[in-house]
Amino acid sequence: VVRTDALSGQRCLALLGEPGAGKSTALKATSRLIAAGVPVQSVDLADYGSEETLVSEVFGHPSIHDWMAGTGQLCLVLDSLDEAQARVPHLGRVLANRIGRLPCERLFVRIACRTADWPAGLEQSLNKLFGEVAVVEILPLRRADAAAIAAVWCDPSRLLDEVARAGVGPLAARPLTLRFLARSFDHSEVLPGRGAELYTVGIRSMCDEQNPDRVDAGLGGALSLDQRVAVARRIAAATLFGGASAVWTGPEVAANSEDITTEQLTGSTEPTRSGTAALTVSAVLEALRTGLFTGRGEQRLGWAHATFADFLAAEWVVANQLSVAQARSLFLGPDGRCWPQTRLAAQWAVAIAPKRFQFLTMADPAAFQGEVELPDDQLRAAVIDGLF
């Protein structure tokens, strides 16, 4: 963990984060990202739809020419790389080429991009130009951050107390879902549901494209929201039950044996509310671009929080209507108890479909001790009886 102002000495900095994490907000606070006295040239790459316009207006700007003619330093701030890259697919190569023509010994570069869209080729090129690129990712919100944001809509202390009681802290730790919780809490001072109900809405919110500019530009994705959630469920099931550490998005031959590749996730379909979602490489990549995932190193993505994988893996079991025998084989080990890595997913399965999966509470009552709220008193009483 590093403070933002501790990065001010880095010549080249890539600031990554999930959708809505606050990348643009961090870039606007340039006083924390760059040493005092260095002039700043800020560019929102989302404003450009072609390579020619971007090159002429950004790198041909009079302020760039004036700086190149002098001896001083400059900080070039480039926001929304991911959005511009959707319009200019080879944008990484263009930027590397143009930045390479500048006097890099006098240049600071700050780039913001969604984690899943950060181009490995650009990083390699910038490493050659600057010696090393500092690639960092914005952390989830602290309690103090969440309180400051929620205060716009409600009493933050009361909201966060309710969040703790409902067990949905991971949702409150992300700006997009925190805003949903705060707005819902505004007048009634009651969260719209508990446990599984809140996670269902929160995860759909993270899978939805919340940036209106991207939606207006037709960059909201090829999948419907239901399809995106269904693909995320498949990824959750594959990583949790398959024991994969992360998803590898690079060439399959270079994959780590502990990871699962995008190609391995493809094939067949997943059920949705109104049909099916085809598991293609492009569909998997679209799901990986949502707020559910964060970086695990170059070309590797993992779950932003373990509970998202646990919940979605349980939803996958429910949505695919697995039989009791199939569910037992996934959740329970040879001793009849839950595998350590499937405990929370088993709790979510019971919370989502208690009648179908209450047998899990009987098989291993010790696995149901409160991380996930059980939906009724009868189940809670059965768990207590089982513990005794």
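Okay, so let's go over this structure. (Residues numbered from 1 in each chain as written. Predicted model: local features only at pLDDT ≥ 70, side-chain atom pairs only at ≥ 80, totals over all residues. Heavy atoms only, no water.)

## Digging into the sheet that holds strand 2 (residues 40-44)
Reading across the sheet, the five strands line up as 2-3-4-1-5 and stay open at both edges, with parallel pairing between neighbours. A single partner strand is all that each edge strand has here, and the edge strands are strand 2 and strand 5 (134-137). The sheet shows a mean angle of 15° between the axes of neighbouring strands, taken without regard to direction. Where strand 2 lies against strand 3 (residues 74-79), five bridges are found, and the strand directions are parallel. Its bridge partner lying in strand 3, Val40 is registered against Cys75. (Pairing = 2+ DSSP bridges. Helix = DSSP H or I, 4+ residues; strand = E, 2+ residues; numbered from the N terminus. Axes fitted to C-alpha atoms, helices over the stretch in contact; angles between N-to-C directions.)

## Concerning the pattern of salt bridges
Taken as a whole and judged by the stated rule, the model has 15 salt bridges. A salt bridge links Asp161 to Arg143, with the nearest nitrogen and oxygen atoms 3.6 Å apart. Here Arg143 lies in helix 8 (residues 143-150) and Asp161 lies in helix 9 (residues 156-166), a separation of 18 residues in the sequence. One network of salt bridges, in which partners are shared, links Asp82, Arg114 and Glu209. (Salt bridge = Lys/Arg side-chain N within 4 Å of Asp/Glu carboxyl O.)

## Quick word on the sheet that holds strand 6 (residues 247-248)
Spatially, the four strands line up as an open sheet ordered 7-6-11-10, and their pairing is mixed. Two strands close off the open sheet at either side, each with one partner strand: strand 7 (260-261) and strand 10 (293-295). Pairing of strand 6 with strand 11 (residues 300-303) involves two bridges; the strand directions are antiparallel. Across the sheet, residue Trp248 finds its bridge partner in strand 11, namely Arg300.

## Here's the deal with the pairing of strand 11
Alignment of strand 10 against strand 11, held across three bridges, turns out to be antiparallel. If you follow Phe293 over to strand 11, its bridge partner there is Trp303.

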